[in-house]
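# Structural characterization, general
So you can see what is in the structure, the chains are spelled out below.
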Amino acid sequence: MPHRLIRGIAVSPGVAVGPALVVRWEVPAVPEHAIRADEVEGEVGRLREALAFARERIAGVQARAAERAGPEEARIFDAQLMILDDGDLVAAVERLIRDNHFSAERAFELKMLEWRGLWMTHGSTLLRDRLIDLADVQIRVLTRLLGVDEPEVLETRPDGPVVLVARDLTPSLTVQLDRDAVLAIACQEGTRTSHAAILAHSIGIPAVVALPDVLGRVATGELVVLDGWAGTLQVQPLEADLAAARTRDARRRKLDRDLEAAVALPATTTDGEHVVLRANLDLPEELATAVRHGADGVGLMRTEFLVVGRGKMPDEEEQVAAYRRVGSAFAGRDVVVRTFDIGGDKFPAGFRMTAEDNPFLGWRAIRVCLDRPDVFRPQIRAILRAAAHARLRLMIPLVTRTEEVVATRELVEAEAAALQRSGVEAAERVPVGTMVETPAAVLIADRLAEVSDFLSVGTNDLVQYTLAVDRGNARLAARFTPHHPAILRLLAEVQRAGRAAGIEVSVCGEMASDPLSIFLLIGLGYRVLSVAAPSLPLVRWMVRQIGAKDARECAEALLGARAADDVTAQARRALGSAVDLRLLEPTE
Ligand code: PEP
Ligand code: MG
């Protein structure tokens, strides 16, 4: 087959050139096999032995991950251990063996399939990311029960290092990869936030995921160029492609060194305006990156990881520990804990909801929390308790009405008073802020500001709800743009309301990590940005290239623009030669 270019999502930077090795680390097939009644106890025994064996193996891999990728990254394997330790799961598998006379492997496989179906149909990114953890556990337990060999760890191959091509990498395979043996990783599936992506990044292996049909389009031995900056895989590259990839790599590496060097420098515009840069945290394992990249606190700690993919809601103690951990990593800095944004694309397994035709407009986030004090109160208490020794704030998602903020404040006050009365160590108060991520919230931003200690714009949802464009629909990706003049006007409005009320207004959506959008946000007056931890060096560096006065003139003029494309083109022109945007954006 001739030269091919396959586009995916870049998850770990760097360019690699080498022969492809197509691998299959897949769940083994389980034969149909019923057991006799007198074999039931033996099967249950086999199941328990296999679970214990898998546990031991995963703990071993976790230790290896701690050595190779660091202690934070090793915690990724906690998710797998939790699956194995789920008492309900084990009991359900045992019931299948006893009641239906399934073999241990068949019963285990059926339960895993059921979980997989449940996790997939709810379309949550967090759950999709966790599917591969499920596969990892499944492979370990089933290979043991079936008595087949566990998939090979990839050691150095006699014919030299390779670019690994796989359907999806399980975290345990990723952590065992040898940098001398594997030049890069190309996956057919996976997401930016999948565990394998995080691990590949920490180990320093370039990786691209979500490459459509890569398993069918690349054969073992074919020469490939993987570009972990641009998110592409070139198969059978031409000489010119090889040269271009190497040049781009060298330029990006230089830029990366500049970005790293900027970590210790203040995020200040060329004309002296300071911008506070905080980190968004989806998972606790991102904490180390946020600290390393010099985050000035946490602007958005998503708490859904405590719920999604779990059998039940987390108790108060577990939450206190999670919030304390982040609070103490950022002692003396603000940490904004967002209350559960469950529902919509984040569906907790242990919190059954009836199917909704339109979950993004459904019973979610603050609506759920206010309707279910049994869920909300423990979270509020946990935040207050963790705030005893840290600068925690509480932030409410998906607000559309002032009553939601007022009701939350009343609950916070009531719980704070109750904690004080009972002598439990807790803060007397925590600042309560509002996420502005619906058009309604923008239009009443002045009123919300009266009852909020701070506002934070969630541009991911704000763009989705304002432009009526599903944020997860790849087909509409080009239409999902924060450069639409409607969005610029909304952003200006929120800034104005916050300023009039004298409270902090930040942006914590993805927009804040897009180079051109940073220019626009600074121009619109935003001085507090919160972005995913890996984006911090780029955002800091970018802020340092921008003149706030130029940005303001440009943004103010663009409030009158007709179309998103005009906004993009004019912002690019205004930014001028200060920044080579081509270096920062995927190659065409
Ligand atoms: C947003 O909507 O912009 C946001 C930051 O929240 P999430 O992405 O978690 O919905
Ligand atoms: Mg949101």
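Above this text you will find the structure in question.
Here, residues in each chain are numbered from 1, in the same order as that chain's written sequence. By the order in which they are written, chains take letters starting at A while ligands take numbers starting at 1. In keeping with the predicted nature of the model, local features appear solely for residues at pLDDT of at least 70, side-chain atom pairs appear and are counted solely at 80 or more, and the whole-chain, interface and lining totals rest on all residues. Working from all heavy atoms in the structure, the side-chain values ignore hydrogens and water.

### Looking at the pattern of salt bridges
Rule in force here: The rule for a salt bridge is simple: a side-chain nitrogen of Lys or Arg has to be within 4 Å of a carboxyl oxygen of Asp or Glu. Counting from the N terminus, the helices are DSSP H or I runs at least four residues long and the strands are E runs at least two residues long. Whether a residue is buried, partly exposed or exposed follows from its accessible area with a 1.4 Å probe, protein chains only, as a fraction of its type maximum: under 20%, in between, or over 50%, in that order.
Summed over the entire model, instances satisfying the criterion amount to 41 salt bridges. Salt-bridge contacts for E94 lead to R48; the nearest nitrogen and oxygen are separated by 2.8 Å. Of the two residues, E94 sits in helix α4 (residues 87-100) while R48 sits in helix α1 (residues 40-68), which places them 46 residues apart along the sequence. The partner of E493 in a salt bridge is R496, with the nearest N and O atoms 2.9 Å apart. Of this pair, E493 and R496 both sit in helix α19 (residues 485-501), separated by three residues, roughly a single helical turn. Judged by relative accessible area, E493 falls into the partly exposed class, the value being 29%. Here R496 falls in the partly exposed class, since its relative accessible area comes to 47%. Through salt bridges with shared partners, one network takes in E316, E317, R377, R381, R385 and E415.

### Some remarks on helix α15 (residues 402-421)
Heads up, the rule is: Multiplying 1.5 Å by the helix residue count minus one yields the expected span of that helix. Picture the helix axis, draw a direction to every C-beta atom, and the arc is the one those directions span. Only heavy atoms matter for contacts: two residues are in contact if any of them lie within 4.5 Å across the pair.
Look at α15: 29 Å from first C-alpha to last across 20 residues, which is about the 28 Å you get at 1.5 Å a residue. For α15, the set of buried residues is E404, V405, T408, R409, L411, V412, E415, A416 and L419. The arc enclosing the buried residues of α15, seen along the axis, measures out at 165°, which places them on a common side. Exposed residues pointing more than 90 degrees away from the buried face of α15 are listed as E410, E413 and R421. Of the surrounding elements, those touching the buried residues of α15 are α13 (366-371), α14 (373-386), β12 (391-396), β13 (432-436) and α17 (445-451). G423 occupies a position one or two residues after α15 and carries a positive phi of about 75°.

### Brief notes about the packing of aromatic side chains
The geometry of an aromatic ring pair is captured by the separation of the ring centres together with the interplanar angle, meaning the angle of the planes. What counts is decided by this rule: Any pair of Phe, Tyr and Trp rings, taking the six-membered ring for Trp, is counted once the centres come within 6.5 Å. Such a pair is stacked with planes under 30 degrees apart, edge-to-face with planes over 60 apart, and tilted for the rest. Geometrically, a lysine NZ or arginine CZ counts as sitting over a ring once it is within 6 Å of the ring centre and also within 35 degrees of the ring normal.
Applying the stated criterion across every chain, the model contains zero aromatic pairs. Here R144 stacks its cationic end above the ring of F53, 3.9 Å away from the centre of that ring. In this arrangement the basic side chain of R393 is found over the ring face of F454, its NZ or CZ atom lying 4.5 Å from the centre.

### Things to note about unusual backbone geometry
Even without a glycine there, the phi angle at D213 is positive, about 50°. As for its position among the elements, D213 is in the loop between β6 (207-209) and α9 (214-217). Accessibility expressed as a relative area gives 43% for D213, which makes it partly exposed. Notably, L398 is not glycine yet its phi reads approximately 55°, a positive angle. With respect to the secondary-structure elements, L398 resides in the loop between β12 and α15.

### Side note on the site of ligand 1
Our working definition: Being near a molecule or strand, for a residue, means having at least one of its heavy atoms within 4 Å of it. N or O atoms closer than or at 3.5 Å make up a polar contact, with two conditions inside protein: a donor-capable atom paired with an acceptor-capable one, and, for residues adjacent in sequence, both atoms drawn from side chains.
Neighbouring residues of ligand 1: 14 residues in total, closest R302, E437, G458, N460 and R471. A distance of 3.4 Å is found between an oxygen atom of ligand 1 and a backbone nitrogen or oxygen belonging to G458. Between ligand 1 and N460, the relevant distance is 2.7 Å, taken from an oxygen atom to a main-chain nitrogen or oxygen of the residue.

### Quick look at the nonpolar core
Selection criterion: Each nonpolar core is a collection of buried residues, namely Ala, Val, Leu, Ile, Met, Phe, Trp, Tyr and Cys, held together in the definition by side-chain atoms within 4.5 Å.
Grouped together as the largest cluster of nonpolar side chains are 99 residues, with contacts concentrated most on Y323, L392, L491, Y526 and L529. At seven residues, the largest contribution of residues to this core is made by α14. Not counting residues up to four positions away in its chain, the partners in contact with Y526 are V457, L491, V494, Q495, V505, S506, V507 and L521. With 34 residues, the next largest nonpolar core counts A65, M112, W115 and L145 among its residues.

### Concerning the sheet that holds strand β5 (residues 182-187)
Stated formally: Pairing between two strands requires that DSSP report at least two bridges joining them. Angular values range over 0 to 180 degrees, each being the angle between N-to-C directions of two axes fitted as lines to C-alpha atoms, with helices fitted over their stretch in contact.
Spatially, β1-β8-β7-β3-β4-β5-β6-β2 is the arrangement adopted by the eight strands of the open sheet, whose pairing is mixed. One side of each edge strand has no neighbouring strand; the edge strands of this open sheet are β1 (4-7) and β2 (9-12). Geometrically, the sheet is characterised by an average inter-axis angle of 30° between neighbouring strands, direction not taken into account. In this sheet, strand β8 (residues 232-235) lies alongside strand β7 (residues 223-227) in antiparallel orientation, the contact comprising four bridges. The residue of β8 that forms the bridge with L226 is L233.

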